[in-house]
Amino acid sequence: MVTEVKCIFCLKENQKASEEHIFPDSLGGQLVTYDVCKECNDILGQKVDSPLVNSGLMQFARFTKRLKGKKGKIPNPIGKGKYKDDPNTTLHYNFTDDGKPHSLYVVPRVKVEDNNYEISVDASEPNRLVKDVNKILARNGLEPKTQEEILSTAKYVKIDNPTMEINMSFDMSSYKKAIIKIIYEMTYYWLGEKYLTDSMGSKIRDYILSDELEVDGLFGKVGLVTENNIGLNFLADSDSHIALLKRNGNKLYCYVNIFNNFDGGFIVTEHANLYSKIEDRFLKNDVVKKEIRESTLLKEIVKITNETAE
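About the cut-offs
Residues numbered from 1 in each chain as written. Predicted model: local features only at pLDDT ≥ 70, side-chain atom pairs only at ≥ 80, totals over all residues. Heavy atoms only, no water. Axes fitted to C-alpha atoms, helices over the stretch in contact; angles between N-to-C directions. Helix = DSSP H or I, 4+ residues; strand = E, 2+ residues; numbered from the N terminus. Left-handed = near helix turned anticlockwise from the far one by under 90°. Contact = heavy atoms within 4.5 Å. Nonpolar A, V, L, I, M, F, W, Y, C, P; charged D, E, K, R; others polar. Pairing = 2+ DSSP bridges. Core = buried A, V, L, I, M, F, W, Y, C linked by side-chain atoms within 4.5 Å. Buried < 20%, exposed > 50% of the residue type's maximum accessible area, 1.4 Å probe, protein only. Polar contact = N/O pair within 3.5 Å; in protein donor to acceptor, adjacent residues only side chain to side chain. Phe/Tyr/Trp six-rings, centres within 6.5 Å; stacked < 30°, edge-to-face > 60°. Lys NZ or Arg CZ within 6 Å of the ring centre and 35° of its normal.

Undergrad: Explanation requested: the packing of helix H5 (residues 176–191) against helix H6 (residues 199–209) in the structure shown.
TA: Packed helix pairs are characterised by how far apart their axes lie and by the angle those axes make with each other. For the pair H5 and H6, the least separation of the axes is 10 Å and the interaxial angle reads 140°. By crossing handedness, the relation of H5 to H6 is classed as left-handed. Only Gly 201, Ile 204, Arg 205, Tyr 207 and Ile 208 of H6 make contact with H5, whose side of the interface consists of Lys 176, Lys 177, Ile 180, Lys 181 and Tyr 184. Its residues placed into classes, the contact of H5 with H6 shows five nonpolar, one polar and four charged.

Undergrad: Just checking my understanding: could you explain the pairing of strand E8 (residues 116–120) for this structure?
TA: Consecutive side chains along a regular strand alternate between the two faces of the sheet. Where strand E7 (residues 109–113) lies against E8, five bridges are found, and the strand directions are antiparallel. By the bridge assignment for E8, Val 112 is matched with Tyr 117. The turn joining E7 and E8, which pair antiparallel and follow one another in sequence, is formed by two residues; a positive phi near 55° is taken by Asp 114.

Undergrad: Please explain the nonpolar core as it appears in this structure.
TA: Burial of nonpolar side chains together is a common tendency in soluble globular proteins. Formed by 50 residues in total, the largest nonpolar core has its most connected members in Phe 9, Leu 52, Met 186, Ile 204 and Ile 258. Per-element tally for this core: the top contributor is H5, with ten residues. Among residues more than four places away in sequence, those in contact with Met 186 are Ile 22, Phe 23, Leu 31, Ala 243, Cys 254, Val 256 and Leu 283. Counting nine residues, the second largest nonpolar core, distinct from the first, contains Ile 119, Val 130, Leu 137 and Ile 150.

Undergrad: Looking at this model, I keep getting lost on the side chain of Arg 281. Mind explaining?
TA: As for its placement among the helices and strands, Arg 281 is situated in strand E14 (residues 281–286). The buried category is assigned to Arg 281, whose relative accessible area is 18%. Among the polar contacts listed, one links the side chain of Arg 281 to the side chain of Glu 279, at a separation of 3.2 Å. Beyond its immediate chain neighbours, meaning those up to four positions away, Arg 281 contacts Trp 190, Ala 243, Leu 244, Leu 245, Glu 294, Ser 295, Thr 296 and Leu 297.

Undergrad: How do you make sense of the sheet that holds strand E4 (residues 80–83) when you look at a structure like this?
TA: Strand pairing within a sheet occurs via backbone hydrogen bonds; the two strands may be parallel or antiparallel. An order of E6-E5-E4-E9 is seen for the four strands of this open sheet, with the pairing classed as antiparallel. With one partner strand each, in any of the chains shown, strand E6 (101–106) and strand E9 (164–165) form the two edges of the open sheet.

Undergrad: Sorry, what's going on with the packing of aromatic side chains here?
TA: Within a pair of aromatic rings, the relevant descriptors are the distance that separates the centres and the angle that separates the planes. In this structure the tally under the stated criterion is five aromatic pairs. Between Tyr 175 and Phe 262, the aromatic rings sit 4.0 Å apart at their centres with planes inclined by 25°, giving stacked as the arrangement. With a gap of 87 residues between them, Tyr 175 in the loop between E9 and H5 and Phe 262 in strand E13 (residues 262–269) connect regions that are remote in the sequence. Phe 262 shares its class with Tyr 175; the two are buried. Taken together, the ring pairs connect Phe 9, Tyr 184 and Tyr 195 into an aromatic cluster. Above the face of the Phe 259 ring, Lys 65 is positioned so that its terminal group lies 5.0 Å from the ring centre. Stacked on the ring of Phe 63, the Lys or Arg Arg 66 has its end atom at 5.5 Å from the ring centre.

Written out as structure tokens, the structure is:
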């Protein structure tokens, strides 16, 4: 049976429901809503969620926590790097699909200097060396050599405990919209369908659906969690995602934190009085224990305070 819903993004009625993980599925998100149509889910997954899920920090978090993607593989963020003692040599650190170390592989390289060729290949690929040598000989009008001739003159180098250097970079603005999307969906989760007509909710929704990276009229920020920006992230840890809703006068503020790497908080409504019996909320999605825990923000703060005191 196909369920029809009103999509919380395009606001169209009678849309085919799809499973939407509020915290991305690839990041271990378990909180699910079915109030997003398939078309919006597909578009936003590619345009909005992907930059966050595939960022360097999230790839590393998925790797260390063994979180498989849709293709059933654990990402390998440290798969390619340079040999520290020879930056011209590229190394691949290979892992199994389950994220277990498999092998270190030297990427083939040809160095030419004064008509002298230096060919480097991984020791596991002797046939590759023979093929490359004979290709160069043929290119220079020379007779090919046998495998025995080539391998007998090859120099074998064994390096114990090689050090591989990796450069990781990502666009600081690329994941911003994904964090705000989580904020919007968490707010809807707590406030319900009435939030779809909220003026601030409309601004946030329009921004998520737009191609803009910045927009006027939204109040909040998204960033990297560092030791210098201590705030609500004291409620978070590296194995979980958290979200909270906090009231300040007639405004509601929603904050989310992803693995204590990225966080963001925005004012989600300036009309808190329209939502009866609303209280400060807290939710934690532990991706290691694979469980979700909800409580009030006050109870969570007391819990953390007591644990710290112990």
